[in-house]
Amino acid sequence: MSGRAAILARGLRKGYRGGGMALDGVDLEVEAGTVHGLLGPNGAGKTTTVRVLATLTGFDEGEAWVAGVDVAARPRRVRERIGFVGQYAAVDEVLSGRRNLEMFGRLYHLGRRRARARAQELLERFDLVEAAERPARTYSGGMRRRLDLAAGMVLDPRVLFLDEPTTGLDPRSRSEVWAAVRTMVAGGTTVLLTTQYLEEADRLADRISVLDAGRVIAEGDPEGLKARVGGGRVEVVVADVEGLAPVAEVMERVSGVPARVEVDALRVGVAFEGGGAALTRMVRALDEAGLEVEDIALRRPTLDDVFLGLTGSREGGRERT
Amino acid sequence: MRTLEGRAPERVVEAVEVERSGSWTREVVVGLGWAVADAVVVARRYLTHLVRRPGEIVGTLMIPVMAVLLFGFVFGEAMGAAMGVDSVDYRDFLMPGLFALTMAFGIGNTTIAVVTDVGRGVVDRFRTLPMAPSALLVGRGMADVVAALVDLSVLVVMGLLIGWRWHLGPWAALAGLGLLLLLRMAFTWIGIFLGLLVRGPEAAMKFFSLVFPLAMVAETFVPARMVPGWLAPVVEWNPLSATVLACRELFGNSVASGDSWVAQHAIPMAVVWPVVLLAVFVPLSLWRYRRAGR
Ligand SMILES: Nc1ncnc2c1ncn2[C@@H]1O[C@H](COP(=O)(O)OP(=O)(O)O)[C@@H](O)[C@H]1O
Ligand SMILES: [Mg+2]
């Protein structure tokens, strides 16, 4: 990596009382001014990593530096340089959007006048001016999230932590939040965001760390990670639900990697190298097994495939509690 | 860390040097100033809640107001007769008990507010701000005292309407109200601690169902000499009782308050009890807040 690291973590380990190791040696290096995605299934340790780096939770072993400050030694100093937007929108429901931002401004020690001016700026930047005087409880999911992001940006933090910023949002709100994140990055903020949506990491992140069971199992830029899976993926559409399992079995046998089954779309896909020749082999194998297919096609790989290939989990990053 | 001896690895963005701007005492004074300022900002937040959702105050006052009507007028004569006083004197006796009861019931609101903030992630957000770690809790405590002032004002007016009076002048009366606020402050911190301890409002409600009998097994409705002998010490040593007895004394209530040790030292005990509770629950709460989510 050429630039300097805004976040540097080495060998972070943390166990919760009564649980196993939530972090089992996490290494992370995030270049200043970039977006880094932490991708992983539920329980992988994404939230724990972010909470450790944002000084909310201690860790047992390892070392961590955020915006030039040793997290373990000077947590208060870290807090002056970061913004934290947790998994649940942590805005005050009763206060208006404006009052929320003013309050956080005061708590960042901006002083009354500057807090007020800053609130106005943020309302404009996050497109909340019209709703500014309404209580936050009347906001839509996307607006609430934007207010939450704005509250995390009061000080123009060097580093912003976003824990699953779009989980539970409809597609429109999601793209609103993505736009807001891009605005922040354009302003020079380094962003570490966790997500279980591969598409989100693909769209927003300059680099991605794939987390599984408290370890980083892969790191790279989205294209590089996709390239690891090789040429592409084969997708087969079947006529009915009964057809899914036998087709998946054949495809896994031929490709040697786990297949992803999308029941709703009646579609089975596997990551698969070899281009046209591979497609032919797949068609032949399905034919020999006497299986009917509606459609078969070769597609460019997605991060889903990367994920599946790395974790071997069929549910990779898709389920949600 | 150990190997780096506090120096940042080379790749880390401009490492900050440890600067010591002034003397140690200066830092403490500045720190305290911010702690108070931050707490005031937080207190304003909770007071806004109170104004926007007056239901909370109405809810807190419901039970005491019902009790005024029920014990003042329905059972008042019988209770008074049992104590050897008429119903007017009984109401005079009753009001300080209800004031203190209301202070105790404030615990419920505090606990629920704190539990909700923890559950919604608001506490996490506050904990990542560079503000004084005590500010969220102290601010809540401040707001509660203001809420208690509103509660007390309503009840005082209500009391005056049904014939309760202070007989020893306004200063003694104010001293009594001050003791009630002190009690509420202590109870607030119990509420804050419970809020940080339990998970979810349902668990908080369970604790609250314990507060209810504890607030009753005190000098609230009847004097200690009228409860069964084995229960009398509980009544006497209930923190609520000291405040109730002290208020009866300061308001100049004619019903004799008994001759137990606590009854004889009601006013000092009405200070000692809340101070002890604060000395226990303030540090406990701050400790718990710092460790939240570990
Ligand atoms: N407060 C906690 N107490 C005990 N175990 C926890 C706590 N928080 C998380 N864990 C456990 O730590 C692991 C990592 O959790 P988390 O960091 O929340 O994962 P993610 O955000 O990727 O879903 C999980 O196994 C989870 O059950
Ligand atoms: Mg999580």
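Preceding block: the structure.
Below is a short write-up of the structure. Each chain carries its own residue numbering, running from 1 in the direction its sequence is written. The order in which chains are written sets their letters, starting at A; the order in which ligands are written sets their numbers, starting at 1. Since the coordinates come from a predicted model, pLDDT governs what is reported: local features require at least 70, and pairs of side-chain atoms require 80 or more to be given and counted, while whole-chain, interface and lining totals use all residues. Calculation of side-chain values draws on the structure's entire complement of heavy atoms; hydrogens and water are dropped beforehand.

Quick word on the sheet that holds strand S2 (residues 21-31) of chain A
Residue and element names in this part refer to chain A. The strand order across the open sheet built from four strands is S2-S1-S4-S5, with neighbouring strands paired in antiparallel fashion. Edge positions in the sheet fall to S2 and strand S5 (69-70), since each of these pairs with one other strand and no more. Here strand S4 (residues 61-66) pairs with S5 via two bridges, running antiparallel. When the bridges of S5 are listed, Val66 appears paired with Val69. Here helix H1 (residues 46-53) sits on the sheet and contacts strand S1 (5-15), S2 and S4; the angle it forms with S2, its principal contact strand, is near 65°. Strands pair, by our definition, only if DSSP identifies at least two bridges between them. Helical segments are the DSSP runs of H or I of at least four residues, strand segments are the runs of E of at least two, and each set is numbered from the N terminus. Note on contacts: a residue pair qualifies if any of its non-hydrogen atoms lie within 4.5 Å across the two residues. Interaxial angles span 0 to 180 degrees and are taken between N-to-C directions of axes, which are lines fitted to C-alpha atoms, for helices over the stretch in contact.

Examining the site of ligand 1
Residue and element names in this part refer to chain A. Surrounding ligand 1, one finds Tyr16, Ala22, Pro41, Asn42, Gly43, Ala44, Gly45, Lys46, Thr47 and Thr48. The separation between an oxygen atom of ligand 1 and a polar main-chain atom of Lys46 is 2.9 Å. Here Thr48 contributes a side-chain N or O atom positioned 2.5 Å from an oxygen atom of ligand 1. We get accessible surface area from the Shrake-Rupley algorithm with a probe of 1.4 Å; when it comes to residues, only the shown protein chains can shield them. Taking 560 Å² as the accessible area of ligand 1 by itself, protein coverage stands at 61%. Element by element, the count of residues in the shell around ligand 1 is highest for H1, at three residues. Under the scheme applied here, ten amino acids are nonpolar (Ala, Val, Leu, Ile, Met, Phe, Trp, Tyr, Cys and Pro), four are charged (Asp, Glu, Lys and Arg), and all others, including Gly, are polar. Among the residues making up the shell around ligand 1, the classes are represented as four nonpolar, five polar and one charged. Each residue is tested against the molecule or strand, and it is near if at least one of its non-hydrogen atoms lies within 4 Å. We define a polar contact as two N or O atoms separated by no more than 3.5 Å, with the added condition that, inside protein, one atom must be a possible hydrogen donor and the other a possible acceptor, whereas residues neighbouring each other in sequence contribute only through side-chain atom pairs.

Some remarks on the environment of Pro223(B)
All names here are of chain B. Relative to the helices and strands, Pro223 resides in the loop between helix H8 (200-216) and helix H9 (232-237). We call a residue buried when its accessible area falls under 20% of the maximum for its residue type, exposed when it is over 50%, and partly exposed in between, using a 1.4 Å probe and counting protein chains only. Residue class for Pro223 comes out buried when judged on its relative accessible area of 4%. For the pair Pro223 and Met83, spaced 140 residues apart in the sequence, the C-alpha separation amounts to 8.5 Å. Residues contacting Pro223, with those up to four places away along its chain left out, are Met83 and Phe93.

Re the interface of chain B and chain A
Contact residues are listed per partner, giving 43 residues for chain B and 51 residues for chain A. What gets called buried area is simply the loss in accessible area from a 1.4 Å probe that two parts show on being joined, summed for both. Overall, the association of chain B and chain A removes approximately 4300 Å² of surface from exposure, summing both partners, and the carbon and sulfur fraction of that is 54%. A carboxyl oxygen of Asp or Glu within 4 Å of a side-chain nitrogen of Lys or Arg is what we treat as a salt bridge. Counting across the chain B and chain A interface gives three salt bridges. For the salt bridge of Arg125(B) with Asp148(A), the shortest nitrogen-to-oxygen distance reads 3.1 Å. At the junction of chain B with chain A, the criterion picks out 10 residue pairs in polar contact (both at pLDDT 80 or more). Contributions of two or more residues to the side of chain B that touches chain A are made by helix H1 (24-52) and helix H5 (122-127) of chain B. Considering each element in turn, the side of chain B that touches chain A owes the most residues, nine residues, to H1(B). Broken down by class, the residue content of the side of chain B that touches chain A amounts to 20 nonpolar, six polar and 17 charged.

Examining helix H9 (residues 244-255) of chain A
Residue and element names in this part refer to chain A. In a helix, the anticipated span is given by 1.5 Å times the number of residues less one. With 12 residues, H9 ought to run about 16 Å at 1.5 Å a step, and its terminal C-alpha atoms sit 16 Å apart, in line with that. Taken as a whole, H9 has its buried residues at Leu244, Val247, Ala248, Val250, Met251, Val254 and Ser255. Each buried residue of H9 lies within a common arc of 165° when the element is viewed along its axis, so the set occupies one face. Along H9, the residues that are exposed and aim more than 90 degrees away from the buried face are Ala245, Glu249 and Arg253. Immediately downstream of H9, the backbone of Gly256 shows phi near 80°, a positive value. Starting at the helix axis, one direction is taken to each C-beta atom, and the arc is that of these directions.

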